[in-house]
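# Observations on the model geometry
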Amino acid sequence: MSKRNKGSQNKKVLVGEGAAVSFAEAKEISPHIATRANSLDYHALNSYLPNPDTILKSRGLQISAYRDLMTDARIESVTASRRAALQKMKWRLKDNGASSKFIESCELVLNTLDLDKIFDEILEGVYFGYKPLEILWSLENNGLILPLGYSKDSDGNLNNNINRGLVGKPPQWFTFDSDNRLRFKTKDDSIEGELVDDKKFILARRKATFENPYGEALLSRCFWAVTFKRGGVKFWVKFMEKYGSPWAIGKYKTGTKTEVIDDVVEALDDILQDGVGAFPEDAEISLLETSGKGGETFKVLCDYMNTEIAVAILGGNLSTEVNGGSFAAAESHGAIREEIAKADVLLVSEVFDRIFELINFYNFDEKVSPRLELFDPTKEMTERSERDERLKGQGVNFTRSYFEKTYKLDKTDFQMQNEQPAPTQQPKKGAAFAEGSGLNTATGEQLIDGLLDKLETLDFNEITRDFIDPVINLVENSTDYAEALGGLADLYPYLDTKKLESVLSKSIFLSKSAGYKTAQREEV
């Protein structure tokens, strides 16, 4: 060891509570110096750490108050949209150098769990700030300890069980202590709670820090929007009750007795309630319709609050923030949604990576653990094809086996440019674009001429109807640009373009053939 290193090892460092140890010892003994117990602004009678959420503190509420917000229709809509973006993902494991048996065990866990439900519960960690998930370990017949998503009955049969493997628990059942450790509030200790095993519980949290282990609840950004909207709707209903219906007016002469006036008022009320009434022949009765747009104020308020909710949960509200429709705005909104989806994917991956580490701890004791990867297969395929196209333009040549493996293509579905075309059968008599076309030619030139004539008579409106009509119906029934854009993305995989593809492929072939024929004539 050099003199410089020896000098560093002999230096003393402060490790807390006035104690000092050598630098070498401090590498192994390094507690926190800046703690809540030593800070000036932390005062508590016990180790209970209250949730610092400003909404909950100011109104004296518990985290369960945010559960009531989930009943709002707008919040249900935007959270469902965010959940759908996550649940469309497919999973795979990155082996990271782990053994095959380790990887197979992790795959077994993923295949037995109800991942859609678990993904939904993990997302609650975003909405509530934190979400405890309990791991239910079981000893399998192969001697492995795994959190499988099924249970065994008395006969040894396997049954899928949503309450096995990994189960989300209500956040209001848990609290944190001054050391940021998770504690379960029991009947015997409902304030501080009992310390839980970190190999039994996993936390899904949003923006958790040392100062705030509870994380930041996204629903706290929606609390006032929902509250004001509910109040606005309440007054809106009262307004409509008062001014939404016509007023029945009855006129009486000065000096009319009170009893007669009361009878007229009662009869007018019958008109509004039952639509019928009886009055003297000389009575003057009229219905007064209200005018103006007083109710629009409440609608503007509710629309604004709905926008604020969408901005908080989805990062924007394209349908109300874009005037007249804008493709650029749609792209910008889509980019924001993509970044939010990536954050959700990262949160889910962190939870399962922790599970894989615990599986390793209980069973394998390997140096590394597999990692979960969530991906959108459609997007990945598009990005890969665009990359291959760029590489092709730079001179890279791909093999047939690459296309078969990468794009899951059958070897009969395509032909490489440097391959000789497979021998084809001669067209049957009368066969061109459809059976019974009536063509009966003896030479290649006559056949091409006949097929070109047949092409001119095709009804392209009929051919394209199967996929154009659904698109037209979608646009006509959409309320805004964003809804049409999203609906088109959902509709695209189901559009029937087989007829058009067949005609276009044959048209391209005929065009090339006609070009060859013309070139040959010019050479002659």
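Residues numbered from 1 in each chain as written. Predicted model: local features only at pLDDT ≥ 70, side-chain atom pairs only at ≥ 80, totals over all residues. Heavy atoms only, no water.

## Concerning the sheet that holds strand β13 (residues 194-195)
Strand pairing within a sheet occurs via backbone hydrogen bonds; the two strands may be parallel or antiparallel. Spatial strand order, β3-β11-β12-β13: four strands in an open sheet with antiparallel pairing. Looking at the sheet topology across the chains shown, the edges are occupied by β3 (48-49) and β13. Where β3 meets strand β11 (residues 174-177), two bridges bridge the pair, whose relative direction is antiparallel. What sits directly across from Y48, in β11, is D177. (Pairing = 2+ DSSP bridges. Helix = DSSP H or I, 4+ residues; strand = E, 2+ residues; numbered from the N terminus.)

## Some thoughts on the packing of aromatic side chains
What characterises a pair of aromatic rings is the spacing of the ring centres plus the angle enclosed by the ring planes. A full pass over the atoms with the stated rule returns 17 aromatic pairs. Between F223 and W224 the ring centres are 5.1 Å apart and the planes differ by 80 degrees, which places this aromatic pair in the edge-to-face class. Judged by relative accessible area, W224 falls into the partly exposed class, the value being 35%. Each ring, one from Y402 and one from Y407, has its centre 6.5 Å from the other, and the planes form 85 degrees; the classification is edge-to-face. Aromatic rings pair up to connect W173, F174, F184 and F201 into one cluster. (Phe/Tyr/Trp six-rings, centres within 6.5 Å; stacked < 30°, edge-to-face > 60°. Buried < 20%, exposed > 50% of the residue type's maximum accessible area, 1.4 Å probe, protein only.)

## Examining the environment of I63
Relative to the helices and strands, I63 is located in the loop between α3 (54-59) and α4 (65-69). The contacts of I63, once residues within four sequence positions are left out, are N51, L56, F128, Y130, P171 and Q172. (Contact = heavy atoms within 4.5 Å.)

## Topic: unusual backbone geometry
Phi angles above zero are rare outside glycine, and K207 is one such case at about 55 degrees. Looking at the element boundaries, K207 is found in the loop between β14 (201-205) and α8 (223-243). Residue classification places K207 among the exposed residues on the basis of a relative accessible area of 53%. Positive phi, close to 60 degrees, is recorded for D365, a residue that is not glycine. By the element assignment, D365 lies in the loop between α12 (327-364) and β17 (371-375).

## Details of the sheet that holds strand β10 (residues 166-168)
Strands sit in the order β10-β5-β14 across an open sheet of three strands; the sheet is antiparallel. Looking along the sheet, the strands with just one partner apiece sit at the ends: β10 and β14. Adjacent strand axes in the sheet meet at a mean angle of 30 degrees when their direction is disregarded. Across three bridges, strand β5 (residues 130-135) lies against β10 in antiparallel orientation. Bridging across to β10, E134 finds its partner in V167. Packed on one face of the sheet, helix α7 (residues 115-128) meets β5, β10 and β14 and runs near 145 degrees to β5. (Axes fitted to C-alpha atoms, helices over the stretch in contact; angles between N-to-C directions.)

## What to know about the side chain of S369
Here S369 is to be found in the loop between α12 and β17. Residue S369 is classed as buried on the basis of its relative accessible area, which comes to 6%. Side-chain polar atoms of S369 contact the side chain of N360, separated by 3.4 Å. Once residues within four sequence positions are removed from consideration, S369 is found in contact with D95, N96, A98, F102, F356, E357 and N360. (Polar contact = N/O pair within 3.5 Å; in protein donor to acceptor, adjacent residues only side chain to side chain.)

## Re the pairing of β5
Burial within β5 is extensive, with six of its six residues counted as buried. Residues of β5 alternate between two faces, with Y130, P132 and E134 on one and K131, L133 and I135 on the opposite face, all of them buried. Pairing of β5 with β14, which is carried by five bridges, proceeds in the antiparallel orientation. Counterpart to Y130 in the pairing with β14 is R205.

## What about the packing of helix α5 (residues 73-87) against helix α10 (residues 296-314)?
Geometry of a packed helix pair, given as the angle between the helix axes and the separation of the axes. α10 packs onto α5 with a crossing angle of 25 degrees between their chain directions and a minimal axis gap of 10 Å. Put simply, α5 runs roughly parallel to α10. Crossing angle aside, the handedness with which α5 passes α10 is right-handed. Taking contact as the criterion, the partners of R74, I75, V78, T79, S81 and R82 in α5 are, on α10, N306, I309, A310, I313 and L314. Looking at the contact of α5 with α10 residue by residue, the classes come out as six nonpolar, three polar and two charged. (Parallel < 35°, antiparallel > 145°, perpendicular 65-115°, else oblique. Left-handed = near helix turned anticlockwise from the far one by under 90°. Nonpolar A, V, L, I, M, F, W, Y, C, P; charged D, E, K, R; others polar.)

## Concerning a negative patch on the surface
Among the surface-exposed residues, E259, D262, D263, E266, D269 and D270 lie close enough to one another that they form a single negatively charged patch. The residue D270 is located in helix α9 (residues 258-274) in this model. Looking at D270, the relative accessible area reads 31%, which means it is partly exposed. (Patch = residues over 30% accessible without salt bridge, like charges linked within 9 Å, V, L, I, M, F, W, Y side chains within 5 Å. Areas by Shrake-Rupley, 256 points an atom, 1.4 Å probe, with all protein chains shown as cover. Salt bridge = Lys/Arg side-chain N within 4 Å of Asp/Glu carboxyl O. Lys, Arg positive; Asp, Glu negative; His and termini not counted. Charge placed at Lys NZ, Arg CZ, Asp CG, Glu CD.)

## Some words on the packing of α5 against α7
Two numbers describe how α5 lies on α7: the axes approach to 10 Å, and their chain directions differ by 130 degrees. The orientation of α5 relative to α7 falls into the category oblique. In the crossing of α5 with α7, the sense of the turn from one axis to the other is right-handed. Residues T79, R82, R83, L86 and Q87 of α5 pack against D116, F119, D120, L123, V126 and Y127 of α7. When grouped by side-chain class, the residues that make up the contact of α5 with α7 number five nonpolar, two polar and four charged.

None of this, on its own, says anything about what the molecule does.
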